[in-house]
Amino acid sequence: MADVMEKIAAIELEMSRTQKNKATAAHLGSLKAKLAKLRRDLIEGSGAKSGPKGEGFDVTKTGDCRVGMVGFPSVGKSTLLNKLTGTFSEVASYEFTTLTCIPGVIRYRGAKIQLLDLPGIIEGAKDGKGRGRQVISTARTCDVVVIVLDALKPLTHKRLIEHELEGFGIRLNKEPPKMTFKKKEKGGINFTPNNAGETTFLDADTVKQICGEYKIQHADVKLHDDCTDEDLIDVIEGSRVYVPCIYAINKIDQITVEELNLLDKMKHYCPVSAHKEWNLDGLLETVWEYLDLVRIYTKPRGVNPDYEDPVVLPRRACTVEDFCNRLHKGIIKSFKQALVWGLSVKHRPQRVGKDHVLEDEDVVQIIKKQ
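Quick caveat, the model's predicted, so the values are computed rather than measured.

Reading the values: rules and limits
- For every chain, the first residue of its written sequence is number 1, and the numbers climb from 1 along that sequence.
- Restriction of local features to residues with pLDDT of at least 70 applies here, the model being predicted, together with a cutoff of 80 or more for giving and counting side-chain atom pairs; totals for whole chains, interfaces and linings are based on all residues.
- Note that water and hydrogens are dropped before the side-chain values are worked out from all heavy atoms of the structure.
- Numbering goes from the N terminus for both helices and strands, where a helix is a DSSP run of H or I of at least four residues and a strand is a run of E of at least two.
- Contact definition: two residues touch when any of their heavy atoms are within 4.5 Å.
- Strand pairing is assigned whenever DSSP identifies at least 2 bridges connecting the two strands.
- Fitted lines through C-alpha atoms give the axes, limited to the stretch in contact for helices. The angle between two N-to-C directions lies from 0 to 180 degrees.
- Put simply, buried Ala, Val, Leu, Ile, Met, Phe, Trp, Tyr and Cys residues joined by side-chain atoms within 4.5 Å make one nonpolar core.
- Relative accessible area decides the class of each residue, using a 1.4 Å probe on protein chains only: under 20% of the type maximum gives buried, over 50% gives exposed, and in between gives partly exposed.
- Should the near helix be turned anticlockwise from the far one by less than a right angle, the crossing is left-handed, and should it be turned clockwise, the crossing is right-handed.
- Just so you know the grouping, Ala, Val, Leu, Ile, Met, Phe, Trp, Tyr, Cys and Pro go in nonpolar, Asp, Glu, Lys and Arg go in charged, and all remaining residues, Gly too, go in polar.

Draft legend 1. Inspection of the side chain of Arg295 at higher detail. Tracing the sequence through the fold places Arg295 in strand 12 (residues 293-298). Beyond its immediate stretch of four places on either side in the chain, Arg295 contacts Arg109, Trp288, Pro310, Val311, Val312, Glu359, Asp360, Glu361 and Asp362.

Draft legend 2. Summary view of the sheet that holds strand 4 (residues 144-150). Pairing in this open sheet of six strands is mixed, and the strands run 2-3-1-4-10-11 from one edge to the other. Each edge of the sheet is formed by a strand with only one pairing partner; in this case those strands are strand 2 (102-108) and strand 11 (269-271). The average angle at which neighbouring strand axes cross in this sheet is 25°, direction not considered. Sheet strands touched by helix 5 (residues 154-167): strand 1 (65-70), strand 4 and strand 10 (245-250). Its angle to strand 4, the strand with the most contacts, is close to 145°.

Draft legend 3. Focus on the nonpolar core. Counting 59 residues, the largest nonpolar core has Leu80, Val146, Ile147 and Leu283 as its most contacted members. Counting residues per element, this core draws most heavily on helix 9 (residues 280-291), at seven residues. Setting aside chain neighbours within four positions, we find Ile147 in contact with Val70, Ile161, Leu165, Leu172, Cys245, Ile246, Tyr247 and Ala248. By size, the runner-up hydrophobic cluster in this structure holds 19 residues, among which are Phe191, Ile216, Ile233 and Ile236.

Draft legend 4. Region of the structure containing the pairing of strand 12. Burial analysis of strand 12 places six of its six residues in the buried class, which makes it a mostly covered element. Neither face of strand 12 is left uncovered, since the one carrying Leu293, Arg295 and Tyr297 and the one carrying Val294, Ile296 and Thr298 both have all their residues buried. Note that strand 12 and strand 13 (residues 311-314) share four bridges and pair antiparallel. Bridge pairing in strand 13 links Val294 to Leu313. Direction of pairing for strand 12 relative to strand 16 (residues 362-368): parallel, over a ladder of three bridges. Its bridge partner being in strand 16, Tyr297 is matched across the sheet by Val363.

Draft legend 5. View of the environment of Gly188. By the element assignment, Gly188 lies in the loop between strand 6 (179-183) and strand 7 (189-192). Leave out the neighbours within four places in its chain, and Gly188 touches Gln217, His218 and Ala219.

Draft legend 6. Just the packing of helix 6 (residues 204-213) against helix 7 (residues 229-237), in detail. At a closest axis distance of 11 Å, the pairing of helix 6 and helix 7 adopts a crossing angle of 35°. Remark: the crossing between helix 6 and helix 7 carries right-handed chirality. Residues Thr206, Val207, Ile210 and Cys211 of helix 6 form the contact with helix 7, whose participating residues are Asp229, Leu232, Ile233 and Ile236. Tallied by class, residues from the contact of helix 6 with helix 7 come to six nonpolar, one polar and one charged.

Draft legend 7. How the structure looks around unusual backbone geometry. Residue Pro349 is bonded to the preceding Arg348 through a cis peptide linkage, with omega at -5°. Along the chain, Pro349 falls in the loop between strand 14 (335-341) and strand 15 (350-352). A positive phi angle is found at Ser74, which is not glycine, with a value near 60°. Looking at the secondary structure, you find Ser74 in the loop between strand 1 and helix 3 (77-85). Here Asn279, not a glycine, exhibits a phi torsion of approximately 60°, which is positive. In this structure Asn279 comes out as partly exposed when scored by relative accessible area, which is 36%.

Following this line, the structure appears as structure tokens:
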């Protein structure tokens, strides 16, 4: 591991000394690709004779979704978990009070949300310091990440934590790059710029240099947006996760109104005071918004809908077929049609097929084949 760390440090030093311009773009892209490969080796444990791989804490995923709280030690993550879920997580004024992952469950708007209190991470966590790799590996499995920041030093901590998560392949509040990358057996590297707008970050030489670092000699690379060299590396690596993130600024009871107004300019942020229980409802509302879930109520024939226990689906996968599969994998085999009441249909009820996209709080009755 020490050898890998030395190589990473050497590349980061060379990158910091290299001027950024068109002449050095290909060289910088090559260095970034080398850095990404070394970090992957560090996460997977290759290059080290011993030591655990980048595996997370052994916490069973329960409920409809998972939200992880990440932050430096003593920023108030355990207090937030205690107040929001009623689950006990030890709280003290000294650092590293929480040494393992503490799960709790929130019932909110009919959904069961699993909330994880992850141990405090330190600078260098992505490189294996402390229990950082376990913390960040568990964060990769979350549907939403809540970065808990101390209101007295929020921006410093924000930049450091973002750097640690980025180094572990977690992309916060970003969409996957709009790029088509396809390996082939011959024909070299074919690069197609963005036809819908400008191509300012990538050129054919940079693309060839980056592909060369991965020993890719033949591929088609087509841009659908103004993508960067880091976007291309992410696509080639293929192990990146794109997670919505909320910055929970805790301990706002210790700062002035003027300081709070300055923080209000930060994107994706929610001010709270776990100790005083200020704006905890606002944090839950923000988490719900970022989870982007759809609640579907079941209605057996001749019975009123069950509004107490909805089927909860992510909005990106909320067709009638997804609904059936969530109830039971075998239902879709005997599926004939469904009756739907709600915002997704014009009539009440309306007969729909398995590809119909459902909306929040729709009521669905499944009709099976005879």
